[in-house]
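What the coordinates show
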Amino acid sequence: MLSDKQKEIILSTVPLLRTGGVALTTHFYNRMFTHHPELKNLFNMGNQQSGKQQTALAMAVLAYAENISNPAVLMPAVDLIGHKHVSLNIQPEQYDIVGTHLLASIKEVLQDLATDEVLDAWKAAYGQLAGLMIGHEAKMYEGKQQTNGQWVGWKNFKVQRKVQESKEITSFYLVTEDGSAVPNFIPGQYISVQVFLPNINLNQIRQYSISCAPNKDYLRISVKRERNEKFDINGMISNFLHDEVHEGNILSISSPAGNFTLQNMYPKKVFISGGIGQTPLMSMLESLDQSKENSELVWIHACRNEEVRAFGNRLETITKENQQVKQHQFYEVVNETLAAKDVYEGMLDFSKIEKWQFEPEAEYYICGPKPFIEKAVKELTDNKISEKHIFFEEFGPKSI
Ligand SMILES: Cc1cc2nc3c(=O)[nH]c(=O)nc-3n(C[C@H](O)[C@H](O)[C@H](O)COP(=O)(O)OP(=O)(O)OC[C@H]3O[C@@H](n4cnc5c(N)ncnc54)[C@H](O)[C@@H]3O)c2cc1C
Ligand code: HEM
């Protein structure tokens, strides 16, 4: 238990965390990887290079410090991180390693400001947070152990089928290697895929949303080939999956996790996706379509052009067969042939959609690049849609 005095000390470090949080977490990761190079197999080295994980951890530590007197308000964040941790098979003893290097980093970065009192307060605060997270994750592991078809850690799946969905998106249909049951999951959830990359001599793990409705036969993930033109760096795992993983090959994956899932507030659902962000929403859409419940479903998708649009035919079929589903497609540029197909030109813009109305009694699900999500959320909230009805997921450490 933290004393009142210790809580005050933690609060007094908030301004320092606000300005120097990322420097602290950057120092922390460098320190931890120097002492534990094996952890480079666990962490996403792309996120380390781009600084996304350092920022996500700094934001989490800051939020914790700000709410030190009432950690209960952090439960949604603890749950989101917990799902990610569980999908990476993080174990309680690893919290000691993180704690040791976080405290040493506070001392090394804050120098004279890190008095014994400050260090003691942070030691107690870290212990409290670690306890909260370990407890939450233990419940999630236990749930997996008790659920048929789920597992803890890693399991081999075979790539039964590889299907090109667009110029840059390929689906992988996965079945268990040992013939056991395919796990059930909640539409919107993801799995982690663990791959050994010979060129950097490391295992690397990435998350991929399941892009199909739950079924007995397979899990489907759909992967976009990442290229970063600005930095001339290719995405490590996505390119490996596209180029090196073939039908019949084995992939090591974790049990489905994630809390970006279908809610049950209103029958009307609006799915808003940018580019590859459509995968978790495809799972939700397919699943609601199959349930044949009479809910109104609106699918809004934006991508660069027709060549990169995946699942176009699937959408055509669903909308033809189910009158409750309406779809609206945005392309950055629309040529004459496309104009005839009733698509919209430019970035996502609700006002361009015929008969569009911001419906307060509906659930809004958004997935796509960060600026896309931010713009959509802003437009919705500016038009009196309650934040409680808006759900979104970023394909990387949470930064919004
Ligand atoms: C919950 C969740 C669900 C996801 N679902 C999907 C999905 O359904 N489909 C899908 O395709 N992806 C999905 N992702 C994203 C996926 O996990 C990977 O992040 C993605 O495939 C890129 O991984 P990579 O190894 O190919 O790229 P990385 O090598 O990790 O690189 C990522 C990006 O950063 C750039 N980069 C790397 N190093 C640097 C550097 N030094 N400076 C600047 N830029 C750099 C790369 O070029 C690339 O654009 C999901 C992510 C999450 C968290
Ligand atoms: C109190 C301690 C911890 C905090 C506050 C914390 C916080 C976080 C946060 C905020 C994320 C990003 C979640 C997201 O938005 O996707 C994350 C991811 C992650 N955490 Fe933790 N974590 C803690 C402990 C640990 C431990 C003990 C380990 C194991 C050594 C660990 C390993 C990871 C890994 C591997 C990721 C994914 C990284 C990536 O994708 O780049 N964490 N954690």
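Please refer to the structure placed before this passage.
Residues numbered from 1 in each chain as written. Chains lettered and ligands numbered in written order. Predicted model: local features only at pLDDT ≥ 70, side-chain atom pairs only at ≥ 80, totals over all residues. Heavy atoms only, no water.

Attention shifts here to the packing of helix H2 (residues 14-35) against helix H6 (residues 92-110). A packed helix pair is summarised by two numbers, namely the angle formed by the two axes and the spacing between the axes. It is the contact of H2 with H6, at a shortest axis distance of 8 Å, that shows an interaxial angle of 125 degrees. Looking at the two axes, H2 sits oblique to H6. In terms of crossing hand, the pair formed by H2 and H6 is right-handed. Seen from H2, the contacting residues are Leu-16, Leu-24, His-27, Phe-28, Arg-31, Met-32 and His-35; seen from H6, they are Ile-97, Val-98, His-101, Leu-102, Ala-104, Ser-105, Ile-106, Glu-108, Val-109 and Leu-110. Along the lines of polarity and charge, the residues of the contact of H2 with H6 split into eleven nonpolar, four polar and two charged. (Axes fitted to C-alpha atoms, helices over the stretch in contact; angles between N-to-C directions. Helix = DSSP H or I, 4+ residues; strand = E, 2+ residues; numbered from the N terminus. Parallel < 35°, antiparallel > 145°, perpendicular 65-115°, else oblique. Left-handed = near helix turned anticlockwise from the far one by under 90°. Contact = heavy atoms within 4.5 Å. Nonpolar A, V, L, I, M, F, W, Y, C, P; charged D, E, K, R; others polar.)

The tally for this structure, following the rule as stated, stands at twelve salt bridges. The partner of Arg-225 in a salt bridge is Asp-243, with the nearest N and O atoms 2.7 Å apart. Linking Arg-225 in the loop between strand S5 (219-224) and strand S6 (227-228) with Asp-243 in helix H8 (residues 236-244), this pair joins segments that are 18 residues apart in sequence. For Asp-243, a relative accessible area of 37% translates into the label partly exposed. With its nearest N and O atoms 2.8 Å apart, the salt bridge here joins Glu-363 to Lys-269. Taken together, the residues span a long stretch of sequence, with Glu-363 in strand S13 (residues 363-367) and Lys-269 in strand S9 (residues 269-274) at a distance of 94 residues. The residues Glu-363 and Lys-269 share a single accessibility class, namely buried. (Salt bridge = Lys/Arg side-chain N within 4 Å of Asp/Glu carboxyl O. Buried < 20%, exposed > 50% of the residue type's maximum accessible area, 1.4 Å probe, protein only.)

Moving on, we come to the sheet that holds strand S14 (residues 390-393). Spatially, six strands are ordered S12-S11-S10-S9-S13-S14 in an open sheet, and the strand pairing comes out parallel. Pairing within the sheet leaves two strands with one partner each, and these edge strands are strand S12 (344-345) and S14. Pairing of strand S11 (residues 325-331) with S12, which is carried by two bridges, proceeds in the parallel orientation. By the bridge assignment for S12, Tyr-331 is matched with Glu-345. Relative to the sheet, helix H9 (residues 278-291) contacts S9, strand S10 (297-303), S11 and S13, its axis offset from that of S9 by approximately 150 degrees. Of the strands in this sheet, S9, S10, S13 and S14 are in contact with helix H12 (residues 370-382), which crosses S13 at around 160 degrees. (Pairing = 2+ DSSP bridges.)

Purely spatial values, then, with no claim about function.
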